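Coordinates in review
Residues per chain, in single letters:
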Amino acid sequence: MSAARNLLFYQTDPQPLPLIDQLSAAGWAVHLADTVPDAVELLNHQEIKVGLFQLDGTADCTDTLNQLHPMNGTFRQHVEWVALLPIDSLAAEPLRKCIADYFYDYHTLPADRDRLLFSLGHAYGMADMVRALTQQHPTIDDEQEDEMVGTSTSMQALFQQIRKVASVDAPVLITGESGTGKELAASAIHERSSRHEAPFVAVNCGALPASLIQSELFGHEKGAFTGAHERKIGFIEAAQGGTLFLDEIGDLPHELQINLLRFLQEGTIERVGSREKLYVDARIVAATHVDIDLAVKEKRFREDLYYRLNVLSLQIPPLRERGDDVSILAKYFFKKFSTDGSNRIKGFSDAAIKAMKNHEWPGNVRELINRVRRAMVMSDKRFITPADLGLDGRNDPSVKLMTLDEARSDAEAEAIRKCLRRTDNNISQAARNLGISRVTLYRLMEKYEIRVT
Ligand SMILES: Nc1ncnc2c1ncn2[C@@H]1O[C@H](COP(=O)(O)OP(=O)(O)OP(=O)(O)O)[C@@H](O)[C@H]1O
Ligand SMILES: [Mg+2]
């Protein structure tokens, strides 16, 4: 005989039903629950795929169902629900709507034993199918600490590419919008490569001040320049035997592009202030969120370096193109941040899931993380609403309509900030690079409230 299949029987009606005996006789292991916490406890600790829910036909059960529904529940597995209800309760429209929204099937009391068993068997099969489809390789590697989650076709294809490129040593160029997971993908490549026991060194080429970038990347000898009191090992050398992740490679100043190219061609570096060639074995993974092809066309980025870096390429899809991954990721982060044990908030409302699916996600996964985190702090309801996520259309900056003037100002301020960063806040140099006078630069900095320290 095959093993009994678990069935959760939720009934607030205290009368024992002969039905339970019939279900047990037919091979179901029946677990009874008469409160939501008991039911959730069972769902979290037993392998339950089907639930039987007895409605008394009067009380509003939407709230209860929301907490036990797989769309909203914080338990990971899919469950199909079958309703049992008094026949006359079907006259009430709210109840009919509730059945249509939440249940796989329904039976009026007294239930016909054979029909009910048939229906439960089908619900079990359906839950199994949904689980197989949605839980197939939900992450690139279940044991990883920082999992990369995704069940969409595009993410599954990406996981496959990551596994492939991890097995070879050629440089990889990762492209994708801001917050899509470029760094996570780079570290996933490293973790799955033969270099995983050596360091993974991440360098943000856009964040390093121009005056320091050479010595940060290549290191320097003691006394190489004023202030170089000690020998310094650069990022490239620190990645010896491992992987060097060059983030925002498009921001690498032109004069350093040639040095990096030399390293890629010869595998050697020279620390600043030394002529000694040091052999460094580091795999290069670079990333950019800007259109690097355009930078090459406009001669801001060396073509020869581009070809050296872009031997293998990975493109991370934006979140808005990942279908159901949005809600899968939202639930994943919800679970991850639910560490305080209070379990005050149970999950997302249907409206919140819908709002997340409709949102454009200009900030991608990072934006999703921030919205979920904020909602979990701010929400005073049991289920997170679109407003808690800032997706009710009121506080959503991405739906704010911008005039052309506002867009120009944003771009102008951003260009100034970037230029100042790259010149290490050298006003004269920044003004020259921007093609404006120092006076104009000061005026614009005042206008946009940009301060240098
Ligand atoms: N598929 C995913 N599953 C789980 N977490 C993810 C996924 N993609 C991204 N993240 C998380 O989202 C955040 C942003 O990812 P990451 O820093 O790798 O993006 P990025 O593309 O490098 O962003 P930026 O362009 O801003 O540098 C990180 O906290 C990361 O762990
Ligand atoms: Mg990044």
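Per chain, residue numbering runs from 1 following the sequence as it is written. Here every chain gets a letter starting at A, and every ligand a number starting at 1, in the order they are written. Only residues with pLDDT of 70 or above have their local features reported here, since the model is predicted, and side-chain atom pairs are shown and tallied only from 80 upward, although totals for entire chains, interfaces and linings are computed over all residues. Only hydrogens and water are set aside when side-chain values are computed; all heavy atoms of the structure are taken into account.

1. Concerning the pattern of salt bridges
Salt bridges are defined as contacts in which a side-chain nitrogen from Lys or Arg sits within 4 Å of a carboxyl oxygen from Asp or Glu. Within this structure, the stated rule accounts for 17 salt bridges. Across the salt bridge formed by arginine 195 and aspartate 169, the nearest N and O atoms sit 2.9 Å from each other. Highlighted residues: arginine 195 in the loop between helix 7 (182-191) and strand 7 (200-204) and aspartate 169 in the loop between helix 6 (153-166) and strand 6 (172-175), separated in sequence by 26 residues. On the basis of relative accessible area, arginine 195 is assigned to the buried category, the value being 8%. Across the pair glutamate 367 and arginine 371 runs a salt bridge, and its minimum N-O distance is 3.0 Å. With a gap of 4 residues between them, glutamate 367 and arginine 371 both fall in helix 15 (residues 364-378), about one helical turn apart. Note on arginine 371: relative accessible area 8%, which makes it buried. Each of Glu221, Arg231, Glu237 and Arg271 takes part in one network of salt bridges that share partners. Starting at the N terminus, helices and strands are each numbered in turn, a helix being any DSSP run of H or I of at least four residues and a strand any DSSP run of E of at least two. Summary of the burial criterion: residues with accessible area below 20% of their type's maximum are buried, those above 50% are exposed, and those between are partly exposed, where the area comes from a 1.4 Å probe applied to protein chains only.

2. Things to note about helix 18 (residues 438-447)
Of the positions making up helix 18, those classed as buried are Leu441, Leu444 and Met445. All buried residues of helix 18 lie within an arc of 100° about the axis, which places them on one face of the element. Exposed side of helix 18, more than 90 degrees from the buried face: Val439, Arg443, Glu446 and Lys447 are the residues found there. Working rule for contacts: check all heavy atoms of both residues, and any pair within 4.5 Å makes them a contact. Summarising the contacts, the buried residues of helix 18 are in contact with helix 16 (404-422) and helix 17 (427-434). What the arc covers is the set of directions going from the helix axis to the C-beta atoms.

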